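Survey of secondary and tertiary structure
This is what each chain is made of:
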Protein chains: 2
Amino acid sequence: MSSRFDAIGFDADDTLWHTERLYVEVQTRFKALLAQYHSPDWIEARLYEAEMRNLPHFGYGIKAFALSLIETAVELTEGRVAGRDVQAIVDLAKGMLAAEVELLEHAAATVALLAEHYPLLLITKGDLRDQEQKIARSGLAEHFRQIEIVSDKSAPGYAALLRRHGIAPERFLMVGNSLRSDILPVLALGASAVYVPYALTWLHEAADPPPAGQPGFYELEHLGRLPALLDEIDRPA
Amino acid sequence: MSSRFDAIGFDADDTLWHTERLYVEVQTRFKALLAQYHSPDWIEARLYEAEMRNLPHFGYGIKAFALSLIETAVELTEGRVAGRDVQAIVDLAKGMLAAEVELLEHAAATVALLAEHYPLLLITKGDLRDQEQKIARSGLAEHFRQIEIVSDKSAPGYAALLRRHGIAPERFLMVGNSLRSDILPVLALGASAVYVPYALTWLHEAADPPPAGQPGFYELEHLGRLPALLDEIDRPA
């Protein structure tokens, strides 16, 4: 069967494996660490502010997150944070980097099945080494034609990537859980995108969904439904 | 003129632009920060130990360095490090990330000249976003056919990269300042390598030079000599 798509791209974090819950768990422990100083909501708001302020310097990923946690701890304790609490934060980051990769339900079967019919690309952002290690631990690497770890997911970034692989945007489909990073920039290029929401979304990745009836936009409850959706899109009219 | 080489790879940090001196400068300020606790030599030794211990977790780059500095500060003050000193360390890292890119002498002219005759690859390791920003600020990006930011520079890593670009190792030449990262793994594949030492070398990147007479190994005092070396290698015997 011929397909409308020459390649399918997959986001990784919270699309193929759980990630955001690690961040949420560490934030909970961070709020406990500072509980004598401030309310959980206030800590969360100031941390988010630090993350946004530091994004241009540090980019995405766990090391950037750790540095923002440390900065927030200094700020919210007016410099009285204990050395052992600073070390505890560094250790939380190491724990995140060493965490087991837990695949989402349907991820392994769907990726294995689709790899028989389409070239698959893995397109993810964050720390280079951390992402490489997670991809290796996931057991899914063999199904991907190419793995692309990028510093940001923007329309020009996707355009350059597709050009490099010789893929026309209208023959590309991206699958991911972030409207901001996986869906909207891809639709802007005239490519197709399948939004598979995850239970938790980092505020920074939140965005309004595309307008109703936007061509090329699909939403699925879970990855297990992706093969049937592709069959339907590719079915002769 | 036909060449022995189908592509030339360049390392970036301390090959095309100054980097190590930024690290040395920050270490000097770090030692001043902890001067009341320990001697400069002891601080330096413990910092290096922390960096090596953290390498498998954090990888290379400025954010990893910052986290190792913070860990060392906590350790060497037995937890008494002041919050403002922790923040000062985070600010040193931000200063490094924002630093101007200062090209090495001969780098701009040599790269521009060679780009007219060979496809050039930039192959560098470190933080993804930091390296991208330095490449953009360097003004040299346009001369490179492809930019590869990798998490480590090993023989298997180079082999995979060359395979991806369809370049036979014996038709590849790598230029760089690190024996460990730019020279030895490349020679191990049967490719050629030009070692251009930099005034400062991070202990971790130090290695013994290849044995005298090792085929494909060249050493130059500065990049300005590279075009003449290539002419000589490619001259019909």
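Quantities reported herein were computed from a predicted structural model and do not represent experimental measurements.

Structural notes on the packing of helix α1 (residues 20–33) of chain B against helix α2 (residues 40–58) of chain B
All names here are of chain B. Between α1 and α2, the shortest axis-to-axis distance is 10 Å and the interhelical angle comes to 120 degrees. When the interaxial angle is binned, α1 and α2 end up oblique. Here α1 and α2 pass one another in a crossing that is right-handed. Within the contact between the two elements, α1 uses Gln27, Phe30 and Lys31 and α2 uses Pro40, Ile43, Glu44 and Leu47. Broken down by class, the residue content of the contact of α1 with α2 amounts to 4 nonpolar, 1 polar and 2 charged.

Overview of the packing of α1 of chain B against helix α4 (residues 83–98) of chain B
Residues and elements named next belong to chain B. The geometry of α1 relative to α4 is characterised by a closest axis approach of 11 Å and an angle of 170 degrees between their N-to-C directions. In terms of axis orientation, α1 runs roughly antiparallel to α4. Of α4, the residues touching α1 (which contributes Leu22, Tyr23, Val26, Arg29, Phe30 and Leu33) are Asp85, Ile89, Leu92 and Met96. Of the residues in the contact of α1 with α4, the class split is 8 nonpolar, no polar and 2 charged.

Remarks on the relation of the copies chain B and chain A
If you rotate chain B by 180 degrees and push it 0.0 Å along the axis, it lands on chain A with an RMSD of 0.0 Å. These values place the two chain copies in the arrangement generated by a two-fold rotation axis. Residue by residue, 100% of the interface of chain B is reproduced at the interface of chain A, so both copies engage with the same surface.

Structural notes on the pairing of strand β5 (residues 192–195) of chain A
All names here are of chain A. The two faces of β5 match: Ser192 and Val194 on one face and Ala193 and Tyr195 on the other face are all buried. Of the pairings in the sheet, the one linking strand β4 (residues 172–176) to β5 comprises 4 bridges and is parallel in character. Note on β5: the bridge partner recorded for Gly176 is Tyr195. In the classification by handedness, the crossover that spans β4, the intervening helix α8 (residues 179–188) and the parallel β5 is right-handed. Pairing of β5 with strand β6 (residues 217–219) involves 3 bridges; the strand directions are parallel.

Here's the deal with unusual backbone geometry
All names here are of chain A. Notably, Asp14 is not glycine yet its phi reads approximately 65 degrees, a positive angle. Residue position: Asp14 is located in the loop between β1 (7–10) and α1 (20–33). The phi angle at His106 is positive, at roughly 75 degrees, despite the residue not being glycine. Secondary-structure assignment places His106 in the loop between α4 (83–98) and α5 (107–115).

A short note on the interface of chain B and chain A
Opposite the 35 residues of chain B that make contact, chain A presents 35 residues. When the two sides are added together, the surface that chain B and chain A hide from each other amounts to roughly 2900 Å², 59% of it contributed by carbon and sulfur. On the chain B side of the interface with chain A, the three residues burying the most area are Lys63, Leu128 and Arg129 of chain B, jointly 22% of the side's total. Where chain B meets chain A, there are 4 salt bridges. Elements that contribute at least two residues to the side of chain B that touches chain A include exactly α2, α3 (62–76), α4, α6 (128–138) and β3 (146–150) of chain B. No other element matches α3 of chain B, which puts 7 residues into the side of chain B that touches chain A. Taken together, the residues that form the side of chain B that touches chain A break down as 17 nonpolar, 10 polar and 8 charged.

Here's the deal with the sheet that holds strand β6 (residues 217–219) of chain B
All names here are of chain B. An order of β3-β2-β1-β4-β5-β6 is seen for the 6 strands of this open sheet, with the pairing classed as parallel. At either end of the open sheet lies a strand with only one pairing partner, and these are β3 and β6. For this sheet, the mean inter-axis angle between neighbouring strands, taken without regard to orientation, is 20 degrees. Strand direction decides the pairing type here: strand β1 (residues 7–10) and strand β2 (residues 120–125), joined by 3 bridges, are parallel. Pairing of Phe10 across the sheet is with Leu122, part of β2. With respect to the sheet, helix α7 (residues 155–165) is in contact with β2, β3 and β4 (172–176), its orientation differing from that of β3 by roughly 155 degrees.

Cut-off values and rules
Residues numbered from 1 in each chain as written. Chains lettered and ligands numbered in written order. Predicted model: local features only at pLDDT ≥ 70, side-chain atom pairs only at ≥ 80, totals over all residues. Heavy atoms only, no water. Axes fitted to C-alpha atoms, helices over the stretch in contact; angles between N-to-C directions. Helix = DSSP H or I, 4+ residues; strand = E, 2+ residues; numbered from the N terminus. Parallel < 35°, antiparallel > 145°, perpendicular 65-115°, else oblique. Left-handed = near helix turned anticlockwise from the far one by under 90°. Contact = heavy atoms within 4.5 Å. Nonpolar A, V, L, I, M, F, W, Y, C, P; charged D, E, K, R; others polar. Least-squares fit on C-alpha atoms with pLDDT ≥ 70 in both. Buried < 20%, exposed > 50% of the residue type's maximum accessible area, 1.4 Å probe, protein only. Pairing = 2+ DSSP bridges. Right-handed = clockwise from strand over helix to strand, strands pointing away. Buried area = accessible area lost by both parts, 1.4 Å probe. Salt bridge = Lys/Arg side-chain N within 4 Å of Asp/Glu carboxyl O.

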